[in-house]
Amino acid sequence: SQRVKELGIVKSGFISRDNKLQTYIEYEKRVSSYALIYMVTNMPKFSFLLSQLPQLLREEVLSHSFLDFGSGPGTYLWPYLQEGGRGKLISVEQSKLMRKQAIKIQNAFFPEHQIDFLDQLPEVKVHNLFFGNSFNEIKNEDGLDLIKQLSPQNILMIEPGTKESFKKILKLRESLVQEGYN
């Protein structure tokens, strides 16, 4: 079927190193396929992340504002809601097609929840800042600036388990410690 073909195209974009990764966000069917692929893998990842937090911190994350930076079609927003999240939800995603897909998913499965779908950072402070496979796509300096601007109480990340990602996150951690975060 056409959907299976699109899933294959999206999948190949993520397992090859030919720098064609961004083409999946240019076509509506591929964005839908992306959402299908990553919703089923990102939901358990987010649940696992929450399960590793101390109970008080877990409750804090679920009860306060939550900004998902580079949220794509919202594949980490939905598990936040399924885990009992009740804080204000903010999705920041530059791709109009990704935001459109996220709104479709929200309308179908979570219509009772208010979510702000934005293409740029809001002018407000947030309690929880989440990077779901998005920190590895920006420069460390930009990530640090973003953190300073939003001034979150908590920073949560689920990033690729590569040496490159680990080094990048470690560098960010060192910068945050120098800035007085703990």
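Procedures and definitions
- Residues numbered from 1 in each chain as written.
- Predicted model: local features only at pLDDT ≥ 70, side-chain atom pairs only at ≥ 80, totals over all residues.
- Heavy atoms only, no water.
- Helix = DSSP H or I, 4+ residues; strand = E, 2+ residues; numbered from the N terminus.
- Buried < 20%, exposed > 50% of the residue type's maximum accessible area, 1.4 Å probe, protein only.
- Contact = heavy atoms within 4.5 Å.
- Axes fitted to C-alpha atoms, helices over the stretch in contact; angles between N-to-C directions.
- Parallel < 35°, antiparallel > 145°, perpendicular 65-115°, else oblique.
- Left-handed = near helix turned anticlockwise from the far one by under 90°.
- Nonpolar A, V, L, I, M, F, W, Y, C, P; charged D, E, K, R; others polar.
- Pairing = 2+ DSSP bridges.

1. Re the overall build of the chain
For step 1, the next point in the chain: When helices and strands are tallied, the chain shows 7 helices and 5 strands.
For step 2, the next point in the chain: Going from N to C terminus, the chain has its helices and strands arranged as α-α-α-β-α-β-α-β-β-α-β-α.
For step 3, the next point in the chain: Evaluated residue by residue, the chain yields a buried proportion of 45% over its 182 residues.
For step 4, the next point in the chain: Once local pairs closer than 6 in sequence are excluded, the contacts in the chain between residues at least 24 apart make up 73%.

2. Structural notes on unusual backbone geometry
Trans peptide bonds make up most of the peptide bonds, and negative phi angles are found at most residues other than glycine.
For step 1, the next point in the chain: Positive phi, close to 55°, is recorded for N133, a residue that is not glycine.
For step 2, the next point in the chain: Mapped onto the elements of the fold, N133 is located in the loop between β4 (128-132) and α6 (140-150).
For step 3, the next point in the chain: Its relative accessible area of 23% is what places N133 among the partly exposed residues.
For step 4, the next point in the chain: One non-glycine residue, S151, lies in the positive phi region at around 50°.
For step 5, the next point in the chain: Locating S151 in the fold gives a position in the loop between α6 and β5 (154-158).

3. Structural notes on the packing of helix α2 (residues 28-51) against helix α5 (residues 96-109)
For step 1, the next point in the chain: Here α2 crosses α5 at 55°, and the two axes come no closer than 10 Å. Considering their axes alone, α2 and α5 lie oblique with respect to each other. As for how α2 packs across α5, the hand of that crossing is right-handed. Across the interface between the two elements, E28, V31, S32, Y34, A35 and M39 from α2 touch L97, M98, K100, Q101, K104 and I105 from α5.
For step 2, the next point in the chain: Of the residues that constitute the contact of α2 with α5, the class distribution is 7 nonpolar, 2 polar and 3 charged.

4. A word on the environment of W78
For step 1, the next point in the chain: Looking at where W78 falls in the secondary structure, it is placed in helix α4 (residues 77-82).
For step 2, the next point in the chain: The class of W78 is buried, set by a relative accessible area of 0%.
For step 3, the next point in the chain: Sequence separation between W78 and M39 is 39 residues, and the spatial gap between their C-alpha atoms is 8.4 Å.
For step 4, the next point in the chain: If sequence neighbours within four positions are ignored, W78 has contacts with M39, M43, P73, A102, I105, Q106, F110, I115 and F117.

5. Quick notes on the sheet that holds strand β1 (residues 66-69)
Strand pairing in a sheet relies on backbone hydrogen bonds. The paired strands run either parallel or antiparallel.
For step 1, the next point in the chain: Here 5 strands make up an open sheet; going across it, the order is β3-β2-β1-β4-β5 and the pairing parallel. Edge positions in the open sheet fall to β3 (115-118) and β5, since each of these has one partner strand only. Going across the sheet, the axis of each strand differs from the next one's by a mean of 15°, ignoring polarity.
For step 2, the next point in the chain: Against the sheet, helix α3 (residues 55-63) engages β1, β4 and β5, with an angle of about 90° to β5.

6. Structural notes on the environment of E137
For step 1, the next point in the chain: Tracing the sequence through the fold places E137 in the loop between β4 and α6.
For step 2, the next point in the chain: For the pair E137 and S165, spaced 28 residues apart in the sequence, the C-alpha separation amounts to 9.6 Å.

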